[in-house]
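# Overview (structure and organization)
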Amino acid sequence: MSIRALIVDDEAPARERLSTLLADHPDVEIVGQCGNGPDAVDAIAEQTPDLVFLDVQMPEMSGFEVVDAVGARALPALVFVTAYDEFALRAFEARALDYLLKPFTAARFADTLDRARRVLAGDAARETRERVADLIDQLLPPLTQRRLAARDRGRVVFLRLQEIDWIEGAGNYVRLHASGRAFELRATLRATAARLHAAGFRRIHHSTIVNMERIRSVERMARGGFVVRLEDGTALETSRSYEESVARLL
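Residues numbered from 1 in each chain as written. Predicted model: local features only at pLDDT ≥ 70, side-chain atom pairs only at ≥ 80, totals over all residues. Heavy atoms only, no water.

Enumeration according to the criterion identifies 3 aromatic pairs in this entry. Here Phe53 and Phe109 contribute two aromatic rings whose centre-to-centre distance is 5.5 Å and whose plane-to-plane angle is 25°, an arrangement assigned as stacked. One end of the pair, Phe53, is in strand β3 (residues 51-55); the other, Phe109, is in helix α5 (residues 106-121), with 56 residues separating them in the sequence. For the pair formed by Phe53 and Phe109, the shared burial category is buried. On the numbers, 5.5 Å between centres and 70° between planes, the contact of Phe64 with Phe80 is edge-to-face. Placement of Phe64 in helix α3 (residues 63-70) and of Phe80 in strand β4 (residues 77-82) is noted, with a sequence separation of 16 residues between them. Put simply, the rings of Phe53, Phe104 and Phe109 touch in pairs and so form one group of aromatic residues. Above the plane of the ring of Phe158 lies Arg147, whose end atom (NZ or CZ) is 4.2 Å from the centre. (Phe/Tyr/Trp six-rings, centres within 6.5 Å; stacked < 30°, edge-to-face > 60°. Helix = DSSP H or I, 4+ residues; strand = E, 2+ residues; numbered from the N terminus. Buried < 20%, exposed > 50% of the residue type's maximum accessible area, 1.4 Å probe, protein only. Lys NZ or Arg CZ within 6 Å of the ring centre and 35° of its normal.)

Here it is in structure tokens:
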């Protein structure tokens, strides 16, 4: 089988090293290279690689934050590339995750790639994603304290979840509304709703998620359904399929 691989590392020599090693494996096609976390999040969504070589220690957005942004359970097969401390390495090993500890040899790289082939060829991919999710939950702050890397007119803005008032679906993107402004994030509304459920966000419409902490009132409309009003005055209508869940707020 052919493997589509993405390389993510903030250091150009490290990306070149991985690219050179992969050139010796004709069953692997490099579909992209990224030098930072936000570009990696976009590339994973756009290129849908089978395998990602992901540097852990990057400025602006760490490899762990990339995993959190994509959603660990939606990730392709993942190999961490790291010079991380002993604690993190023990965490990787305890969950049977693979990693490359810089500097690594060509033989160690070949072993890692063989392991990735076995995961991709079998039914272990789901179990591996679950282990990655557990690892991220251990190494990152609690969900409510994490950040979302959104785009705002060509720059990357990091928003804490408690800053977000509501979220609007826009195809393969979502718009995060915070303090009267909108920021774009490459993700589906369905995946975003699942990811943020534990942080107190709820879907009230097929295209709308609200931060429960931002709700000021819920009003029943004469024609049926509800209007959810937020602290900043924003009024959001429910859709029929979500009326029952909204009714529980009354």
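Across the sheet, 5 strands lie side by side as β2-β1-β3-β4-β5; this open sheet has parallel pairing. Edge strands, defined here as strands with exactly one partner in the open sheet, are β2 (28-34) and β5 (99-101). For this sheet the average axis-to-axis angle between neighbouring strands, irrespective of direction, equals 20°. The pairing of β3 with β4 spans 5 bridges and is classified as parallel. Its bridge partner being in β4, Leu51 is matched across the sheet by Ala77. (Pairing = 2+ DSSP bridges. Axes fitted to C-alpha atoms, helices over the stretch in contact; angles between N-to-C directions.)

Okay, unusual backbone geometry next. Backbone torsion omega between Lys102 and Pro103 reads -10°, so that peptide bond is classified as cis. Following the sequence through the fold, Pro103 ends up in the loop between β5 and α5. With a phi close to 40°, Thr48 is a non-glycine residue in the positive phi region. For Thr48, the position within the fold is in the loop between α2 (37-47) and β3. With relative accessibility at 52%, the residue Thr48 sits in the exposed group. Residue Ser179 is not a glycine yet carries a positive backbone phi of 55°. The residue Ser179 is located in the loop between β9 (173-178) and β10 (181-186) in this model.

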